[in-house]
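# Structure assessment
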Amino acid sequence: MNMNTLPRMVLTVAAVFSSVPALAQNDGTSDKKADFNVKLQAGGAYDSTLSVASLDQTSNQGDSANVFYGRVGGELYPTERITLKGSYSLSSRRYHEVSEFDQDLGIASLDAAIDLAGITWGLSRHVADAELASEPLLDLTRDSLYAAKLFSEGLYVRGAYTDSEKRFENNRERNADGEELAADVYYFFNGARSFWSLGVGREVEEARSLAFDNAALKLRARYSYTGSIAGKESRIQLGWRYQDRDYDNVSDGGLPGTGSAMSPTGTGTRHDRSHVVEAIWSLSFTQWLALETKVEHGNYQSNFDAADYRETGVSALLSVEF
């Protein structure tokens, strides 16, 4: 994949949105034909430890940043059983002192789903383009096949197989192809405005360099409540993520393609483990204006120095959505 992938993806999203309404107008099976939305966010953040996980780069220096985010998305309903979705988002983080960790991320996605015998079957593609310090960093493509079912008791079950492709602009030894099997269970309550969820995944990556071949176990849990707090519409989310990642290589003290001062060092077979907890509070002032605050703490453990650290981040973003 190259740097022109995202523009082509945006054009594909636009083409889908411009062509499908004509089909929907000729089908009388669904009253709702389309739904579009835009979300914009701006605010500030602070990270106690600056990191780029995809490069195993960390800095013990903390820094505050200006954060910007924008997303446009939509859904189309050609028939009662078919749903088409598309979105494109851009996020930017600009640190005040350590500009080497400035990050930009663009993500385009397409999703097509059909309801057959009470089970939703779908295909999706996500294409991401990441930049570090305004220089190309990573192109990522993820294709998923999934199946999901909503039970009458508010129980929702989803399983997915995902094929991924990572391509690094300046570190080709890290280029990798991956496969993942994942399953999630959601329980909705409070009129389907709140939920809790549990998930598990198993991912295997094969990289160009054997030093980066790895297999990971992923666990996650989330609680989300939406309702009135002190007379204001609020959403509170509590989340936890765990990863246990084993690498195939036995290292003699370094990793291929990492020649900077931030390169990780360690010996033996690499083993990473992480626990991340987060709390998010979204306070709505009006139907379209809200304040989103977030606190996140991660404990990353590894026998490689740069992957062994703790990180705490806080952010406050003003959000406009319509």
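Reading the values: rules and limits
- Residues numbered from 1 in each chain as written.
- Predicted model: local features only at pLDDT ≥ 70, side-chain atom pairs only at ≥ 80, totals over all residues.
- Heavy atoms only, no water.
- Salt bridge = Lys/Arg side-chain N within 4 Å of Asp/Glu carboxyl O.
- Helix = DSSP H or I, 4+ residues; strand = E, 2+ residues; numbered from the N terminus.
- 1 Å grid on protein atoms, 1.4 Å probe; cavity = no way out; pocket = protein on both sides within 12 Å on 5 of 7 lines; lining within 4 Å.
- Points joined across faces, edges and corners; volume = space filled by probe spheres on them.
- Nonpolar A, V, L, I, M, F, W, Y, C, P; charged D, E, K, R; others polar.
- Phe/Tyr/Trp six-rings, centres within 6.5 Å; stacked < 30°, edge-to-face > 60°.
- Buried < 20%, exposed > 50% of the residue type's maximum accessible area, 1.4 Å probe, protein only.
- Core = buried A, V, L, I, M, F, W, Y, C linked by side-chain atoms within 4.5 Å.
- Contact = heavy atoms within 4.5 Å.
- Polar contact = N/O pair within 3.5 Å; in protein donor to acceptor, adjacent residues only side chain to side chain.

### Thoughts on the pattern of salt bridges
Tallied over the full model, the rule gives 21 salt bridges. For Arg241, the salt bridge identified is with Glu296, shortest N-O distance 3.9 Å. On the criterion of sequence distance, the pair formed by Arg241 in strand E13 (residues 232-251) and Glu296 in strand E15 (residues 289-302) is long-range, its members being 55 residues apart. Each of Arg142, Glu180, Glu203, Lys218 and Arg245 takes part in salt bridges that share partners, so that together they form one network.

### Section: the layout of surface pockets
For the second largest pocket, the calculated volume is near 320 Å³. Surrounding the second largest pocket, 17 residues form its lining, Arg235, Ser284, Gln287, Ala290 and Glu321 being those nearest its centre. Going through the elements one at a time, strand E1 (34-47), E13, strand E14 (268-284), E15 and strand E16 (309-321) are the ones with two or more residues in the lining of the second largest pocket. Grouping the amino acids of the lining of the second largest pocket by side-chain chemistry returns 4 nonpolar, 8 polar and 5 charged.

### Describing the packing of aromatic side chains
Under the counting rule described, the total for this entry stands at 9 aromatic pairs. Taken together, a centroid distance of 6.2 Å and an interplanar angle of 20° make the contact between Tyr187 and Phe189 stacked. Relative accessible area serves as the criterion here: at 27%, Phe189 is assigned to the partly exposed category. Where Trp240 meets Tyr242, the ring centres are 6.2 Å apart and the plane angle is 15°; that geometry is what we call stacked. The rings of Tyr156, Tyr186, Phe188 and Phe195 are connected pair by pair, giving a single aromatic cluster.

### A word on the nonpolar core
Counting residues in hydrophobic clusters, the biggest one holds 12 residues: Leu50, Val52, Leu55, Ala65, Tyr95, Val98, Phe101, Ala130, Leu132, Leu137, Leu138 and Phe168. Of all the secondary structure elements, the ones that give two or more residues to this core are strand E2 (50-52), strand E7 (119-132) and strand E8 (135-150). Leave out the neighbours within four places in its chain, and Val98 touches Leu50, Gln61 and Asp63.

### Remarks on the side chain of Thr162
Residue position: Thr162 is located in strand E9 (residues 155-168). When its relative accessible area of 7% is taken as the criterion, Thr162 is described as buried. Side-chain polar atoms of Thr162 contact the side chain of Ser144, separated by 2.7 Å. Other than its neighbours up to four places away in sequence, Thr162 contacts Arg142, Asp143, Ser144, Gly178, Glu179 and Glu180.

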